[in-house]
Every structure is written in structure tokens, then in C-alpha cells.
Amino acid sequence: MPNTGTPHEPSLAERDPEIARLIRDEEVRETVKLRLIPSENYVSRAVLEATGSILTNKYSEGYAGKRYYEGQQVIDQVEELAVSRLKSLFGVEHVNVQPYSGSPANLAVYLAFCQPHDVIMGLGLPSGGHLTHGSSVSITGKYFKSVPYDVSPEDQRIDFGEVRRLALEHKPKIIWCGTTAYPRTLDFPKFREIADEVGAKLCADIAHISGLVVGGAHPSPVGYADVITSTTHKTLRGPRGGLVMCKKEFAKDIDRAVFPGLQGGPHNHTTAGIAVAAKEASTPEFKSYAHAVVSNAKVLAEGLLSKGFTLVTGGTDNHLILIDLRSKNVTGKIAAQALDRAGIVGNYNAIPFDPRKPFDPSGFRIGTPSITSRGMGKDEMLKLADVMAQVVSAPDDVKLIESVAAQVKELCLGFPPPGIAV
Ligand SMILES: *Cc1c(COP(=O)(O)O)cnc(C)c1O
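Reading the values: the criteria
Residues numbered from 1 in each chain as written. Predicted model: local features only at pLDDT ≥ 70, side-chain atom pairs only at ≥ 80, totals over all residues. Heavy atoms only, no water. Helix = DSSP H or I, 4+ residues; strand = E, 2+ residues; numbered from the N terminus. Rg over C-alpha atoms; globule rule 2.2 N^0.38 Å. Buried < 20%, exposed > 50% of the residue type's maximum accessible area, 1.4 Å probe, protein only. Contact = heavy atoms within 4.5 Å. Areas by Shrake-Rupley, 256 points an atom, 1.4 Å probe, with all protein chains shown as cover. Lys, Arg positive; Asp, Glu negative; His and termini not counted. Charge placed at Lys NZ, Arg CZ, Asp CG, Glu CD. Axes fitted to C-alpha atoms, helices over the stretch in contact; angles between N-to-C directions. Parallel < 35°, antiparallel > 145°, perpendicular 65-115°, else oblique. Left-handed = near helix turned anticlockwise from the far one by under 90°. Nonpolar A, V, L, I, M, F, W, Y, C, P; charged D, E, K, R; others polar. Pairing = 2+ DSSP bridges. Polar contact = N/O pair within 3.5 Å; in protein donor to acceptor, adjacent residues only side chain to side chain.

Any chance you could break down the overall build of the protein for me, citing the residues and the numbers?
When you go through the protein residue by residue, the secondary structure sums to 16 helices and 15 strands. The C-alpha atoms of the protein give a radius of gyration of 22 Å, which matches the 22 Å a tight globule of 422 residues would have. Principal axes of the C-alpha set define a box for the protein whose edges measure 70 × 60 × 35 Å. The 422 residues of the protein split such that 56% are buried. Put simply, 72% of the contacts in the protein that link residues at least 6 apart link residues at least 24 apart. Approximately 18,600 Å² of the protein is accessible, and the part contributed by carbon and sulfur atoms is 54%. For the protein, the separation between the mean place of its 46 positive charges and that of its 47 negative charges on side chains is 1 Å.

Run through the packing of helix α7 (residues 160-170) against helix α8 (residues 188-198), naming residues and quoting values.
Relative to each other, α7 and α8 sit at 15°, their axes nearing to 9 Å. Between α7 and α8, the crossing angle belongs to the class labelled roughly parallel. In this structure, the crossing between α7 and α8 has a hand that is right-handed. Where α7 abuts α8, its residues Phe160, Val163, Arg164, Ala167 and Leu168 lie against Lys190, Phe191, Ile194, Glu197 and Val198. When the residues that make up the contact of α7 with α8 are grouped by side-chain class, the tally is seven nonpolar, no polar and three charged.

So, the side chain of Ser39: which residues are in play, and what are the values?
Following the sequence through the fold, Ser39 ends up in the loop between β1 (34-35) and α3 (45-51). A residue is classified by how much of its surface remains accessible, and Ser39, at 17% relative accessible area, is buried.

How would you summarise the pairing of strand β5 (residues 119-123) if you had to cite specific residues and measurements?
Both faces of the sheet carry side chains from a regular strand, because those side chains alternate between them. For β5, a buried count of five out of five residues is recorded, marking the element as mostly surrounded by other parts of the structure. As defined by bridge partners, β5 adjoins strand β7 (residues 174-177) across two bridges and the pair is classed as parallel. Of the residues in β7, the one forming a bridge with Met121 is Ile175.

Help me get a handle on unusual backbone geometry, residues and values and all.
Of note, the bond from Phe259 into Pro260 is cis; its omega dihedral lies within 30 degrees of zero at 10°. Following the sequence through the fold, Pro260 ends up in helix α10 (residues 251-262). Of note in the backbone geometry, His117 takes a positive phi value of approximately 75° without being a glycine. Within the secondary structure, His117 is located in the loop between α5 (102-113) and β5. The exposed category is assigned to His117, whose relative accessible area is 62%. One non-glycine residue, Gln156, lies in positive phi territory at about 60°.

So what about the side chain of His319? Which residues, and what values?
Looking at the element boundaries, His319 is found in the loop between β11 (310-311) and β12 (320-324). A polar side-chain atom of His319 sits 2.9 Å from a polar atom in the side chain of His208. Residues in contact with His319, not counting those within four places in the same chain, are Pro38, His208, Ile209, Leu212, Thr235, Val293, Ala297, Ile366, Gly367, Thr368 and Pro369.

Structure, rendered in C-alpha cells:
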């Protein structure tokens, strides 16, 4: 039994009842609510056990076989296992599993390939890009010359004509392809063509979709991108962490950028949790989950369209749906807060070319990873579309919201989530 401590040691509930109670409260919240934030998920009990283990006690700056501290007999094996599982899972030549999260993984790519003030390109934040792809409020927009590309105003899909035009004009060192609020498949071969034309490195950030990629539910950037980064805690269903994957030729530069370039000792308990998640992600059950995430999103999108919602790009081919609430005459924030009270948890989000301000934008972002991990399917998606429509059309109706919250709780209790003891 890992992690129970010696019998004479107080348990968490005895040592710190306040934190123990808050953890329990969050377990209840994650059980009785529909969690629709597309970057969130449930990890398995096995992943939780590894992540909560005594591996957190050990310092191991460096890489397996080349550490700066003694006593790595066990840790080297943990990291090597994580790396070899990830290499075969993604089909890549090199993996660095040490980045503390997705953002530090992306910083490592900049440190490996760029000098300060170099030109970089990424999808603009309002078009669904990530902060670390050159947003002006991020270090990546302050230390580098960021030239964002956008989606097209017509179909709200990535405008490859603009990507190519800007790339030819500005000759970026790096082109990022990767998104955080974009409901469509990414065309990696097209990005590769443009990167080759201008001599840029192509970096695919698959933070949101890595679970779909390894499950075969989204095309893989392997063979197209020079470097691939990801989080481990979104659709991949691991603990919070980051990855950088690349061809052998970039391995040294990437490893040096992560350590000693950006970080000190790796989080070994996280590495162990990632290894467990990689093992789980190589199973047929995970493939089914990945495909179900996408089919659930499509059914939910159809359900929402039939209830009069407007969806950015008109639908989805991945795990995510971005609702344009303007046709419902309600703002993102008001809808998000009313839905949260009804037990339906998503996030307000800017839509492309949003006329409103980022702290109260016109969009609401949802996704199906968490509800798919708890086993929900088509019937639940249609029910969800129905209750969402009710709440959004009457966000101040306290009676209605109470009734929906009760229905949501009832529904949720039929689908106990992984990792949480009821
Ligand atoms: C979530 C995300 C990240 C950052 O991950 P953190 O772990 O929150 O730092 C980076 N890139 C994309 C595209 C993301 O969606």
C-alpha cells in the first residue's frame, strides 16, 4: 500500500481537517456537476496514487544516467519507463517528460531555437490560440517579435492564405500550430508546407488534443512538426505536467533548454503519474474513449444547433464547442454563471472578432472529455443541450435553475467519475 504513512502518523483528516474537508468538497463538486471545461478531465485512481507518492521526496536534476545528485537507482527507472512508453505511444524519437506544465514546455522550445527579438508566429488569442504562442501579455510576446495569424472572418477557420502571406513577409524562426479554443481539425501538412517555404521550425502544440491524437481521433503532427509540445492533464488524462517531443537531431537542444535552461529538479511523482497515464493511453479502452469524446461533441453540437444556438465554425470535429451567444441575447459571463449555478460548468470565452471585452465576452466554451471519461453518451448529450437551452434563455429564473441543478445531480450520480470514491 503506497502513501499511507506509518501507523503512528496522523492522517490528513487528523493533521489538517480544513484541507481534508476542502478536498472532500471538491470531490463532491466534481461528482455532482457536469464538468464541461474542455481542458479538464478525471485521472484514474492509479494515476492519483502514483502522483501522490513519496517520489515527491527525491531531487534528481539532470537526466537518467547523468544526474547531479546520488541515489537515483529508482528514479532513473521511473523516468526511463515514462519516456519509453511515451515514445512508443506517440511514435516519436525523443521525449522530454520534465516540463512542469504546458507553458514551461513551450518556453523550452523558444529557448532551444530562438534568440530574444526573433520573429515568431502563432494563432492569435482571440482566434483560439494560446497565451504562450506570442500574446502581448505573455513573456513570449514581450521577448520575441510576435506576428499573430488569425481565423478567417467568413468561416472562422484558420486562414492559411494569411498564414502564408505573413510568413513570407516576416520570415519567422518558429511557426506554432496549436489551439486552446478552436473546434476544428488542425491541418499539419499545410503548416509544414508553409514552414518549409520560409525556413521556419514548425512547432505543434497539442496540449488540448494529445489524447485524441494517441487515440486516433485526430490526425497526428508526427512526421510534420519539428517539435511537438503537450500538456499531460487534458485529453491525455495524466497528472498536471508537460512534454516536449522531437526528432533525435533536436534532442540535445531541447533537453538543455528544459534543464538547466529553465528548470531545476523534475517532479518525479508527476513523472510516475505520466508513466501510468501513458500505459492507460495505450489500451483499446482509451481508443474508444478518444473516439467517444469526439462523437459526443458532435452530438452535443447538433443538439445545441437544434435548440437555436450559434456555434463558431458551425460545429466541431474535436472535443470542443465554442458557442456564440449573441443570437441568445446573453453575454458569456452571465450565461456561464447561470449555468454554473445549474451544475453545468464551462467557461466564458472570446469568440473570433468579438465585439465585447475579454472579461465579459460573447462566447461560452465547453468540451466533452470529462463527461466522456465518466461514461456519458448520446442520450446524456441531448439532455444536456436541452437543459443548457433552458438556462441560457432564462438566466435569472431561480426556480428553473434549481430544477435543472437537481436534474443534473441526478444524472451525474448515475455516472460515477474515475478516481473519486463515492
Ligand atoms: C493548456 C494549454 C497550454 C498550457 O498549459 P498549462 O499546463 O496550463 O501551462 C499550452 N498550450 C495550449 C494550446 C494549451 O491549450
